[in-house]
Amino acid sequence: MSHDRKFFDTFMLIIGALVLFSVAMIVLSEIIGGRTQEAFIAEDPAVIGMIDEQIAPFGTVVIEGEAEPVVETPPPAGSAPAVVVAPQAEVVTVAAVSGEKTYNSACMACHTPGIAGAPRLGDVADWSGRIARGIDALYANAINGYQGEAGVMPAKGGQINLSDAAVRAAVDYMVAQSQ
């Protein structure tokens, strides 16, 4: 019986050592393989091209009277830079932007009640100091955002889908209504 017990103990010790060795090899291969594969995938042109294709815009909006935009694509590594017109799935031509429509759809939520220090539409006192700084300053604050003593203005009023032209038209509308 003692002989069987000794055999069993030795057998379990060998099995345990083999399991530990196997686990150690798996962990080591995951560490080494993970580091090399991540670097390989990050530099693979096929993967980079697939990612660029997935995040590329699917269309553009062209405002009537303006030239169609040229889309610059980054050159492949090791080549001379070039400007390429990317194929677009759809080009939509729209009429010139209406400041009143942009105001009604994106701006009135804050500029009607004066939320977060927003100058109220039609309130000459609210607008006089801002207008005195110039229309370019108003455009810059509306497009890029503003945070100061007078209040907070998120970039494009938080409506990132608005074009700069639509924001300028809305500013022009509000200034015209508030002088």
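Higher on the page you've got the structure.
First, a word on what this report is: a plain description of the structure on this page.

## Thoughts on the pattern of salt bridges
- Tallied over the entire structure, the rule returns four salt bridges.
- Its salt-bridge partner being Arg-5, residue Asp-9 comes within 3.9 Å of it at the nearest N-O pair. Note that Asp-9 and Arg-5 are positioned in helix H1 (residues 2-43) at a spacing of four residues, about one turn of the helix.
- The residue Asp-164 makes a salt bridge to Lys-156 at a minimum N-O spacing of 3.0 Å.
- For Lys-156, a relative accessible area of 18% puts it in the buried group.
- Beyond isolated ion pairs, a larger network of salt bridges with shared partners links Arg-120, Asp-123 and Asp-126.

## Brief notes about unusual backbone geometry
- One non-glycine residue, Ala-116, lies in the positive phi region at around 55°.
- Turning to its location among the elements, Ala-116 is positioned in the loop between helix H3 (99-111) and helix H4 (124-132).
- Given a relative accessible area of 46%, Ala-116 falls into the partly exposed group.
- In the Ramachandran plot, Lys-156 falls in the positive-phi region, its phi being about 55° despite a non-glycine side chain.

## Considerations on the packing of H3 against helix H6 (residues 164-177)
- Contact geometry of H3 with H6 gives a least axis separation of 8 Å together with a crossing angle of 75°. Looking at the two axes, H3 sits roughly perpendicular to H6. Of H6, the residues touching H3 (which contributes Gly-99, Glu-100, Thr-102, Tyr-103, Cys-107 and His-111) are Ala-166, Ala-169, Ala-170, Tyr-173 and Met-174.
- Its residues assigned to classes, the contact of H3 with H6 shows seven nonpolar, three polar and one charged.

Analysis parameters
Residue indices begin from 1 for each chain and proceed along its sequence in written order. Totals for whole chains, interfaces and linings use all residues, but because this is a predicted model, local features are given only for residues with pLDDT of at least 70 and pairs of side-chain atoms are given and counted only at 80 or more. Calculation of side-chain values draws on the structure's entire complement of heavy atoms; hydrogens and water are dropped beforehand. Any Lys or Arg side-chain nitrogen located within 4 Å of an Asp or Glu carboxyl oxygen qualifies as a salt bridge. Under the DSSP-based scheme used, a helix requires at least four consecutive residues in state H or I and a strand at least two consecutive residues in state E, with every element numbered from the N terminus. Note on classification: 1.4 Å probe, protein chains only; a residue is buried when its accessible area is under 20% of the maximum for its type, exposed when over 50%, partly exposed between these limits. Note on geometry: axes are C-alpha line fits, over the in-contact stretch for helices, and angles between N-to-C directions span 0 to 180 degrees. Just so you know how the angles are binned, under 35 degrees is roughly parallel, over 145 roughly antiparallel, 65 to 115 roughly perpendicular, and the rest oblique. Should any heavy atoms of two residues lie within 4.5 Å, those residues are counted as being in contact. Amino acids outside the nonpolar list (Ala, Val, Leu, Ile, Met, Phe, Trp, Tyr, Cys, Pro) and the charged list (Asp, Glu, Lys, Arg) are all regarded as polar, and Gly is one of them.

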